[in-house]
Amino acid sequence: MDVSKAVDQRISTRAFLPDALSEAEVREWLTQAQRAPSGGNVQPWRTIAVTGQAKDDVIGMAAPILAADPRGQKTDRPIYPKDLWEPYEARRRRVGEMMYEALGIPREDRAARLAWFSNNFRFFGAPLAVFLVIDERMGHGQWGHAGMYLQTLALLAEERGWGTCFQECWGVLRPALKEHFKLAPTEMIWCGVAVGKPDRAHPVNSLRAERADIDEIAEFHGF
């Protein structure tokens, strides 16, 4: 598989087969991702990979917190900016509607939508979950480099026939995750990643999010 194909076919996978991934496979994947771009070679990322009982323990930790308050825990680093403006808010809403259309869940069935959303906190049934850890003292540049690392993980997963779903939703449980994983005082979880072999027969995996036209997001000078 070449890079162009991997980029083009990658989606947010939200339904997985139960097939386990071995420690050797996961180690090789993470080792290869270490070649991701890193300004100054700082490598401002750290990962925690969980499977089996360790993954179930995270799910079990999250469940009572979210049952008490579906909004999760307070955070000074929200997933989206307050009052997200256009065109970004329209894009966010559109992909959500596309997902529920693929699932056949109408807008008025709020209970079914909430039930589906709760699958986020079960990693959509993926056999592996990876959490990206970053030190809160890092600057915006290092956050960008960590994003390059995540993209590298995604493309290497495609090469292996795996699917990924980047889950910033876990940000609403940062205090609990910090305690659960016994992170250093200045460390935090940025996001989770659900990883595994995609269930290609599941309708949610037919969703291919729209992207803005190139002339909407790019300027060309001096050509």
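Let me begin by describing the structure that accompanies this report.

**Re the overall build of the protein**
Item 1. Across its full length, the protein carries eight helices and four strands.
Item 2. Secondary structure elements of the protein, listed N to C terminal, follow the sequence α-α-β-α-α-α-β-α-β-α-β-α.
Item 3. In terms of C-alpha radius of gyration, the protein reaches 18 Å, essentially the compact-globule figure of 17 Å for 223 residues.
Item 4. Burial status across the protein gives 40% buried among its 223 residues.
Item 5. Put simply, of all contacts in the protein between residues at least 6 apart along the chain, 83% involve residues at least 24 apart.
Item 6. Here the protein carries 28 positive and 30 negative side-chain charges, and the mean point of each set is 3 Å from the other.

**What about the sheet that holds strand 2 (residues 128-135)?**
Item 1. Across the sheet, four strands lie side by side as 1-2-4-3; this open sheet has antiparallel pairing. At either margin of the open sheet sits one strand with a lone partner, and together these are strand 1 (46-51) and strand 3 (163-167). If you compare each strand with its neighbour and ignore which way they point, the axes differ by 25° on average.
Item 2. As judged from the five bridges shared by strand 3 and strand 4 (residues 187-196), these two strands associate in the antiparallel manner.

About the cut-offs
- Residues numbered from 1 in each chain as written.
- Predicted model: local features only at pLDDT ≥ 70, side-chain atom pairs only at ≥ 80, totals over all residues.
- Heavy atoms only, no water.
- Helix = DSSP H or I, 4+ residues; strand = E, 2+ residues; numbered from the N terminus.
- Rg over C-alpha atoms; globule rule 2.2 N^0.38 Å.
- Buried < 20%, exposed > 50% of the residue type's maximum accessible area, 1.4 Å probe, protein only.
- Contact = heavy atoms within 4.5 Å.
- Lys, Arg positive; Asp, Glu negative; His and termini not counted.
- Charge placed at Lys NZ, Arg CZ, Asp CG, Glu CD.
- Pairing = 2+ DSSP bridges.
- Axes fitted to C-alpha atoms, helices over the stretch in contact; angles between N-to-C directions.

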